[in-house]
Amino acid sequence: MAVRDSASLLVGLVVLLHTWRAWAAVEVNMKDKVEVNLGEKAQIPCLYTSDDGIGGLTIEWFYEKGLGVKKRFFQQAGLMKTVDNSTHFTERISVNHSNNTMMLTIRDVKLEDQLDYICAVKGLTDGSGEGRTKLRVFVKPEPPTIEGVQNGISVNEEVTSLVGSCEVKNGYPRPNITWYKDNMPLRINKNEVEVESTVTTQSSGLFSVKSELKKKIVKEDKDALFYCEVTYFVAGSTMMSETRQINVNVLYPSTAVKIWVESPKGKIKEGDSIELHCKGDGNNPSSLFLIKYLKGNANWENDTVLLENVTRQNSGVYECISTNTENFEDISNNTEVFVNYLDPAVVMPNNVMVMAKGNELKATCNALSSLQTKTAWFKNGQEVSEGHTLILKNVTFDTAGVYKCVVTVPEIEGMTTSSSLRVHVEGQPEIMETPLTVIETFDKTVELVCDVRGYPAPTITWIVSDGMVPDSDNHMTTTDYGTKSVVMVDVTSNATAVCNASNEHGTDMRTFNIKAKTIIQTTTPAITTISSVTVINTTTAVITTNYSTTAATASPPKTIKKESNGFIIAVLIVCVLLLAILGSVLYFLYKKGKICGRAGKQDLTREKSSKDNIVVEMKSDNTEEAILLGVNGEKQPPNDQ
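Before going into details, it helps to say that this report is about the structure given with it. This is a predicted model, so every value here is computed, not measured.

What counts as what
Residues numbered from 1 in each chain as written. Predicted model: local features only at pLDDT ≥ 70, side-chain atom pairs only at ≥ 80, totals over all residues. Heavy atoms only, no water. Salt bridge = Lys/Arg side-chain N within 4 Å of Asp/Glu carboxyl O. Helix = DSSP H or I, 4+ residues; strand = E, 2+ residues; numbered from the N terminus. Buried < 20%, exposed > 50% of the residue type's maximum accessible area, 1.4 Å probe, protein only. Pairing = 2+ DSSP bridges. Axes fitted to C-alpha atoms, helices over the stretch in contact; angles between N-to-C directions. Phe/Tyr/Trp six-rings, centres within 6.5 Å; stacked < 30°, edge-to-face > 60°. Lys NZ or Arg CZ within 6 Å of the ring centre and 35° of its normal. Core = buried A, V, L, I, M, F, W, Y, C linked by side-chain atoms within 4.5 Å. Contact = heavy atoms within 4.5 Å. Disulfide = S-S within 2.5 Å.

Our next topic: the pattern of salt bridges. Scanning the entire structure with this criterion turns up 21 salt bridges. Between Arg453 and Glu430 there is a salt bridge whose closest N-O contact spans 2.5 Å. Here Glu430 lies in strand β37 (residues 416-431) and Arg453 lies in strand β39 (residues 445-455), a separation of 23 residues in the sequence. The exposure class assigned to Glu430 is partly exposed, which follows from its relative accessible area of 30%. A single network of salt bridges, built from pairs that share partners, joins Glu64, Asp116, Arg132 and Lys134.

See the structure below:
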């Protein structure tokens with residue numbers, strides 16, 4: 001009985017001991033993984049529970065390189081720390097303890113730092129425990145690139161053709177590439193869609209991936225847009241990047257063609273240049289084009305034709321033919337070209353029309369055109385009538401002239417034609433009014449104009465009173481309404497010129513009175529008495545009066561010209577009359593001896609005379625005889641004064 005009790009007590013103590021040891025064991029908790037981007041800082045925590053204080057614990061850090069091989073790089077026994085200096089990250093790690101947590105920190109993480117890290121904790125009485133964390137390092141790849149094929153791809157290819165290649169470089173872990181067409185992912189389908197990928201591991205451990213897309217090209221792919229989507233990983237996330245979009249040059253034969261007039265736009269007129277274009281709905285460079293003019297035998301082996309300076313003969317149907325050189329099938333289409341025309345204007349009566357005064361003028365103007373026209377008549381640039389018919393009643397010399405008929409097509413700018421009709425009105429000469437028939441001049445020559453209306457064109461002759469006959473033949477010009485003559489006449493004295501115009505119907509004449517104006521030069525003498533001289537030319541009167549009551553020095557000669565203004569002439573005439581009366585009174589008193597100093601001597605000296613100047617010299621002496629010199633320098637007796 002005692003033996004049985006002793007055995008039972010022993011078994012209970014063993015069970016109690018095992019139960020206490022399990023309850024008091026060391027527990028270690030760690031994350032399954034820690035993710036970090038290349039170059040950043042990684043922190044791996046190790047949480048433990050133990051009744052033993054830090055002084056009674058041994059904590060060790062290991063990394064596992066694979067195949068279960070562990071290498072210790074840190075140990076802390078109590079308060080003693082030991083770091084293994086032979087690891088690749090010795091200079092970049094630190095281990096800190098706080099509140100039952102050991103924190104492993106790795107600075108400037110490298111790709112080779114991607115390992116399993118193990119934290120082992122061993123107590124003096126609590127036993128031991130460990131945990132592990134996988135450190136994952138991520139590298140963002142470079143932006144992806146895409147290249148499309150440069151050559152065109154024919155839809156007649158029986159196998160898949162290379163569309164393009166997409167590449168992404170230097171990523172970790174390996175990036176993935178997906179091809180898209182018009183925003184829809186392409187699924188691999190044998191003989192339809194094929195994708196070949198190549199993965200390259202760089203010496204740095206980074207991955208580069210290149211993907212090529214091959215596809216059986218159809219006509220619908222001509223407008224399709226292809227691009228790549230790259231999926232890559234970063235710490236705590238998955239990212240995506242897309243390439244630019246590319247288009248494939250799809251070569252396909254035409255199923256239809258069209259031909260059209262590229263220029264000019266709108267209606268065509270004679271003289272234009274026509275540019276014809278022919279194009280199919282395909283883009284196979286092996287297709288041949290031919291443009292034919294069905295009305296004639298002309299044809300052009302090209303897809304464009306330029307017809308210069310076209311006429312109505314170029315109107316007709318033009319056909320475009322496209323030939324596929326792969327199967328030699330032809331397709332065609334045509335268009336009709338119409339060249340609008342406007343024939344030269346025809347005026348009836350033709351060119352010249354001679355009419356008698358008072359009759360009615362009726363003329364017509366027509367131009368054959370493919371479009372509606374508008375007609376107007378012009379004379380001297382001014383519109384005188386609108387419509388095809390020109391009617392002028394009771395014609396006069398004013399009616400004579402050139403009438404221009406202008407025909408235009410309002411629908412087409414610049415489409416116009418014109419013709420002219422010269423109208424002559426028969427009748428005896430009629431000299432047109434001139435603003436001046438009395439001509440006063442200081443010049444030695446004067447220009448005379450005689451403008452005559454009449455038909456047939458009048459002949460003009462000139463007669464001058466001095467017997468000189470100007471050469472009018474060299475100065476006659478024919479005008480729309482008659483004849484015009486311009487002659488130069490020498491002026492030596494007053495003269496009369498007659499313009500005589502004549503034709504088979506009669507004559508007319510016009511007289512021009514020419515008055516030669518003169519210039520009087522006077523010198524102011526030193527005199528003590530009043531003297532007055534009046535000289536009147538037969539053509540014009542120029543009066544010079546000098547008077548003085550005191551001695552004066554000689555002044556420079558003065559030239560006095562008679563103004564043509566009527567008011568000034570009237571004033572001068574009044575002054576002459578007043579001076580004449582005053583002179584008569586003084587002369588009478590002088591003869592009666594009422595004025596003293598009559599024995600004085602007066603000199604009036606003239607300058608050298610010419611045909612254009614009148615010089616007067618008067619001397620007074622004791623004989624009281626005055627001498628007046630004439631225009632030609634001859635003495636005149638007193639009774640001629």
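Once the structure has been displayed, the description carries forward.
The three strands lie next to each other as β30-β32-β35, forming an open sheet whose pairing is antiparallel. Bordering the open sheet on either side are β30 (346-348) and β35 (389-392), each of which pairs with just one other strand. Pairs of neighbouring strands in the sheet enclose a mean axial angle of 15°, with direction left out of account. Relative to strand β32 (residues 361-366), β30 runs antiparallel, the two sharing three bridges. What sits directly across from Met348, in β32, is Thr364.

Per the counting criterion, the structure on display carries nine aromatic pairs. Taking 5.6 Å as the distance between ring centres and 70° as the angle between the ring planes, the aromatic pair formed by Tyr63 and Phe89 counts as edge-to-face. Highlighted residues: Tyr63 in strand β4 (residues 57-66) and Phe89 in the loop between β6 (80-83) and β7 (93-97), separated in sequence by 26 residues. Overall, the relative accessible area of 0% leaves Phe89 in the buried class. Taken together, a centroid distance of 6.3 Å and an interplanar angle of 85° make the contact between Phe73 and Tyr117 edge-to-face. Here Phe73, found in strand β5 (residues 69-77), pairs with Tyr117, found in strand β9 (residues 116-123); they are 44 residues apart in sequence, far enough to count as distant. Grouped by ring-pair contacts, the aromatic residues Tyr63, Phe73, Phe89 and Tyr117 constitute a single cluster. One cation-aromatic arrangement involves Lys70 over Phe62; the distance from NZ or CZ to the ring centre is 5.1 Å.

Turning our attention to the nonpolar core. If you look at the biggest cluster of nonpolar residues, it comprises 33 residues, and the most contacted ones within it are Trp61, Phe73, Leu104, Tyr117 and Leu135. Listed by contribution, the elements that provide at least two residues to this core are β2 (33-37), β3 (42-49), β4, β5, β7, β8 (101-106), β9 and β10 (128-138). Among all residues touching Leu135, those that are not within four sequence positions of it are Val34, Val36, Ala42, Ile44, Ile106, Asp113, Gln114, Leu115 and Tyr117. Residues Leu361, Leu390, Tyr403 and Val407 belong to the second largest nonpolar core, which totals 24 residues.

With that out of the way, let us pick up unusual backbone geometry. That bond from Tyr172 to Pro173 is cis: its omega, -5°, falls within 30 degrees of zero. Secondary-structure assignment places Pro173 in the loop between β13 (161-171) and β14 (176-181). Notably, Asn170 is not glycine yet its phi reads approximately 60°, a positive angle. Phi is positive for Asn309, close to 50°, though the residue is something other than glycine. Position of Asn309 relative to the elements: it lies in the loop between β26 (304-307) and β27 (316-324). Under the relative-accessibility criterion, Asn309 is labelled exposed at 55%.

So, about the sheet that holds β8. The strand order across the open sheet formed by four strands is β1-β3-β8-β7, and the pairing between neighbours is antiparallel. Pairing within the sheet leaves two strands with one partner each, and these edge strands are β1 (27-29) and β7. Recorded for the sheet is a direction-independent mean angle of 20° between the axes of neighbouring strands. Pairing between β1 and β3: three bridges, direction antiparallel. Paired with Asn29 across the bridge in β3 is Leu47.

What we call a disulfide is simply a covalent bond connecting the sulfur atoms of a pair of cysteines. On inspection of all chains with the given rule, the structure shows four disulfides. Two residues, Cys278 and Cys320, share a disulfide whose sulfurs are 1.4 Å apart. Of this pair, Cys278 sits in strand β23 (residues 274-280) while Cys320 sits in strand β27; the two residues are 42 residues apart in sequence, bridging distant segments of the chain. Once the bonded cysteines of the chain are numbered in order along the sequence, the disulfide links fall as 1-2, 3-4, 5-6, 7-8.

On their own, these measurements won't tell you what the molecule is for.
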